[in-house]
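This is what each chain is made of:
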Amino acid sequence: MTAFVTLAGVYNMPVLAGERSREQDLMTSRALEQFLASVEKRAFKIAQLGLRNDEDALDAVQDAMMKLVQSYASRGSDEWRPLFYRILANRIHDLQRRRTVRGRVMAWLPIREAEDDEEFDPIAQAPSPEASPMRRLELDEAIGALEAALQDLPPRQQQAFLLRNLEGLDVSETASAMGCSEGSVKTHYFRALESLRARLGEVI
Amino acid sequence: MSQEPTEFEKRTRALLEESSGRLDGRTLSRLTQARHAALDQQQKSARAPWWRWSVPAGAAAAVLAVVIWVGHPPAVEAPASLAKSVDEFELLTDADAPDFVDEGEDVEFYEWASGEMES
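What you are looking at is a predicted structure, and each value in this text was computed from that prediction instead of being measured.

Contacts between the two partners involve 34 residues from chain B, matched on the other side by 46 residues from chain A. Between chain B and chain A, the buried area comes to about 3,800 Å², and carbon and sulfur atoms account for 62% of it. Here chain B is connected to chain A by 5 salt bridges. Arg35 of chain B serves as the salt-bridge partner of Glu40 of chain A, at 2.9 Å between the closest nitrogen and oxygen.

Residues and elements named next belong to chain A. In this structure, Leu68, Phe84, Tyr85, Leu88 and Leu150 are the most contacted members of the largest nonpolar core, which totals 60 residues. Here this core takes 10 residues from helix α1 (residues 2-51), the largest share from any one element. In contact with Tyr85, other than residues within four places in its own chain, are Val39, Arg42, Ala43, Ile46, Leu163, Glu167, Leu169 and Ala177.

Take the confidence of the model for chain B next. All names here are of chain B. With 56% of its residues at a pLDDT of 70 or more, chain B has an overall mean of 74. At the level of individual helices and strands, chain B shows its lowest average pLDDT in helix α4 (residues 80-93), which scores 59, and its highest in helix α1 (residues 7-21), which scores 94. Quick note on the complex model: pTM equals 0.64, ipTM equals 0.74.

Reading the values: the criteria
Residue numbers restart at each chain and count upward from 1, following the sequence in its written direction. All chains are assigned letters beginning at A, and all ligands numbers beginning at 1, according to the order in which they are written. Since the coordinates come from a predicted model, pLDDT governs what is reported: local features require at least 70, and pairs of side-chain atoms require 80 or more to be given and counted, while whole-chain, interface and lining totals use all residues. Values shown for side chains rest on all heavy atoms present in the structure; no hydrogens or waters enter the calculation. The contact criterion used is simple: two residues touch if any of their non-hydrogen atoms lie within 4.5 Å. The term buried area denotes the loss of accessible surface (1.4 Å probe radius) that occurs when two parts are joined, taken as the sum for both partners. Each salt bridge in this description consists of a side-chain nitrogen of Lys or Arg and a carboxyl oxygen of Asp or Glu lying within 4 Å of one another. Only buried Ala, Val, Leu, Ile, Met, Phe, Trp, Tyr and Cys residues count toward a nonpolar core, and they belong to the same one when joined by side-chain atoms within 4.5 Å. Burial classes: relative accessible area under 20% of the type maximum marks a residue as buried, over 50% as exposed, and values in between as partly exposed (1.4 Å probe, protein chains only). Helix and strand assignments follow DSSP, with helices taken as H or I runs no shorter than four residues and strands as E runs no shorter than two, numbered in order from the N terminus. Here pLDDT means the predictor's own confidence in every residue, given as a number from 0 to 100.

Listed below in structure tokens is the structure:
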């Protein structure tokens, strides 16, 4: 009996180790899914405000998700948020720069890109039934004014404001995501707040 | 945030949250697809069999061992008995060597004489 138990223990060891590894992978996968699901809408909003284009924003978010999973899945889950926003910020910056170059080239050409080539989807665009029409109109105006003001901010101020205010990162995490010092984050955030307050104080 | 957010900050946050929650169905679907694509990629890399990495690692280790062996061959000291045999072999093959061995002379005498000279 002892021999059987010992042999069974020896032969089961690699199997158990493999199962444990698979279990670990499954747990990481679930944790990643929860994390990505928790950030994807705000990440899209940040990318959309930075890029002013839904398709580019979706691409940026997808690239950031891929990169995070590919390169940083093994890191602690508490590190994912700043890493994800760092990747996203880099991607947004790349797309902004590419667009600037493309804009310069296109300015010399007589061809204009078709911007609204997608069909209107009435279901997708249908308003949520929760709010009353008047309340919804007020919210629409306030959101429109805020987003327009955010889009007019310098990119670093916009980034600092969105990461801290919308995503709720602290100064240290924001600095990590933006790749700058905590002092710079405070300065960018303060200036963004002042600009927005000056412009929207009466509106929202 | 370290400080308590002001009313303005709270209001802007609420508006941005509201705006994020109003994404249309198409955008939400694309975000879900993006998330699943990223997770599929992670699961594929996690499912890769162990030998996928162990074979290249083993090959790399073998190449490294060969490089180290060729670069620094281990110094081997010849044992004393082997050195003595080589001396005797040289004596037999040397053209100038004395031919008394073939002629059946008293080898023991010459060995004694050689020992006496060395001492």
